[in-house]
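Here's the letter readout for the chains.
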Amino acid sequence: MTHIKTIEAQLEARGLKFALVATRFNDFIVDRLISGAVDYLTRHGCEPENLTIIRIPGAFELPVVCNKIARSGQYAGIVALGAVIRGATPHFDFVASEATKGIAQIALATGVPIGFGLLTTDTIEQAVERAGSKAGNKGAEAAAAVMETARILELI
Ligand code: INI
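First, a word on what this report is: a plain description of the structure on this page. Residue numbering note: each chain is counted from 1, following its sequence as written. Totals for whole chains, interfaces and linings use all residues, but because this is a predicted model, local features are given only for residues with pLDDT of at least 70 and pairs of side-chain atoms are given and counted only at 80 or more. Water and hydrogen atoms play no part in the side-chain values, which are based on all heavy atoms of the structure.

**Examining the overall build of the protein chain**
Inclusion rule: To qualify as a helix, a DSSP run of H or I must reach at least 4 residues; to qualify as a strand, a run of E must reach at least 2; elements of each kind are numbered from the N terminus. For the radius of gyration, the atoms used are the C-alpha atoms, and the globule rule reads 2.2 Å times the number of residues raised to 0.38. Only protein chains enter the accessibility calculation, which uses a 1.4 Å probe; a residue is then buried when its area is under 20% of its type maximum, exposed when over 50%, and partly exposed in between. Whether two residues are in contact is decided by their heavy atoms: any pair within 4.5 Å suffices. All accessible areas in this document rest on Shrake-Rupley with a 1.4 Å probe, and a residue is counted as covered only by the protein chains that are shown. Positive residues here are Lys and Arg, negative ones are Asp and Glu, while His and the chain termini are left out of the count. Positions of charges follow a simple convention, taking NZ of Lys, CZ of Arg, CG of Asp or CD of Glu.
Along the backbone of the protein chain there are five helices and six strands. The linear arrangement of helices and strands in the protein chain, starting from the amino end, is β-α-β-α-β-α-β-α-β-β-α. In terms of C-alpha radius of gyration, the protein chain reaches 16 Å, essentially the compact-globule figure of 15 Å for 156 residues. Each of the three principal axes of the protein chain carries a C-alpha extent, and together these read 55 × 40 × 35 Å. Of all 156 residues assigned to the protein chain, the portion counted as buried reaches 45%. Nonlocal contacts in the protein chain, meaning residues at least 24 apart in sequence, comprise 80% of its contacts between residues at least 6 apart. On the protein chain, roughly 8,400 Å² of surface is accessible, and the fraction owed to carbon and sulfur atoms is 56%. Treating the 15 positive side-chain charges of the protein chain as one cloud and the 16 negative ones as another, the clouds have centres 3 Å apart.

Here you go:
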């Protein structure tokens, strides 16, 4: 078989600076997502002094804050953490879709990877399941994705 060049990242965070942008809204869930993200990154070599946690009001504010952080040039990656839980009105749809769209646009426009740790669930139970119980911890997953992507971007 011919040799195929393959680029893969080392799963290692030593020396990389990350910003964790986390909502206060639904903080009983989001605090668990922060724990998952911090735990993942520090277990993969990230020094605590290279982590910054930024608390913001709600998911709707994620894009504007991530935008400024990404453009500061100080961080190898951002982990966006929050929980949008469906209520009785269409508010959920607007908040979830604007946050999602904004985060994706900022990552593309700046080239700074942003891990998508924003839960969008129909119920509180579904959010709890994804914040460190039976469906894992989406904060840790977002941190893992952004760490690997930051390393990949160094290699390309
Ligand atoms: N913000 C969230 O992060 N999660 C939610 O579930 C939510 N709901 O359901 O309303 C929410 N709303 C607040 C919003 O993100 C803004 O902070 C607010 O509208 C002020 O701009």
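There's more to say after this.
**Some details on the site of the ligand**
Quick reminder of the rule: The criterion for a residue being near a molecule or strand is simple. One of its heavy atoms has to lie within 4 Å of it. Pairs of N or O atoms within 3.5 Å make up the polar contacts considered here, provided that, within protein, one atom can donate a hydrogen while the other can accept it, and that residues adjacent in sequence are counted only when both atoms are side-chain atoms. Note on residue categories: nonpolar means Ala, Val, Leu, Ile, Met, Phe, Trp, Tyr, Cys or Pro, charged means Asp, Glu, Lys or Arg, and polar means any other residue, Gly included.
Lining the immediate surroundings of the ligand are Phe25, Asn26, Gly58, Ala59, Phe60, Glu61, Ala83, Val84, Ile85, His91 and Val95. The contact in question runs from an oxygen atom of the ligand to an N or O atom on the backbone of phenylalanine 60, over 3.0 Å. In this structure, an oxygen atom belonging to the ligand sits 3.2 Å away from a side-chain N or O atom of histidine 91. Taken by itself the ligand offers 460 Å² of open surface, and the protein chains cover 74% of this. Listed by contribution, the elements that provide at least two residues to the shell around the ligand are strand E3 (77-85) and helix H3 (91-110). Looking at the shell around the ligand element by element, the count peaks at three residues for E3. Grouping the constituent residues of the shell around the ligand by class yields seven nonpolar, three polar and one charged.

**Focus on the sheet that holds E3**
What counts, and what does not: In this scheme, strands are said to pair when DSSP sees at least two bridges between them. Angles run from 0 to 180 degrees between N-to-C directions of axes, and those axes are lines fitted to C-alpha atoms, restricted for helices to the stretch in contact.
Pairing is parallel in the open sheet, where four strands are placed in the order E2-E1-E3-E4. Edge strands, defined here as strands with exactly one partner in the open sheet, are strand E2 (51-56) and strand E4 (114-121). Adjacent strand axes in the sheet meet at a mean angle of 15 degrees, parallel and antiparallel pairs treated alike. As paired elements, strand E1 (residues 18-23) and E2 share six bridges and run parallel to each other. Each bridged residue has a counterpart across the sheet, and for valine 21 the counterpart in E2 is isoleucine 54.

**Description of the packing of aromatic side chains**
Quick reminder of the rule: Side-chain rings of Phe, Tyr and Trp, where Trp is taken by its six-membered ring, are said to pair if the distance between their centres is within 6.5 Å; with planes under 30 degrees apart they count as stacked, over 60 as edge-to-face, and otherwise as tilted. In this scheme, Lys NZ or Arg CZ marks a charge over a ring once it lies within 6 Å of the ring centre and within 35 degrees of the ring normal.
Per the counting criterion, the structure on display carries zero aromatic pairs. Sitting above the plane of the tyrosine 75 ring, lysine 17 keeps its charged end 5.3 Å from the centroid.

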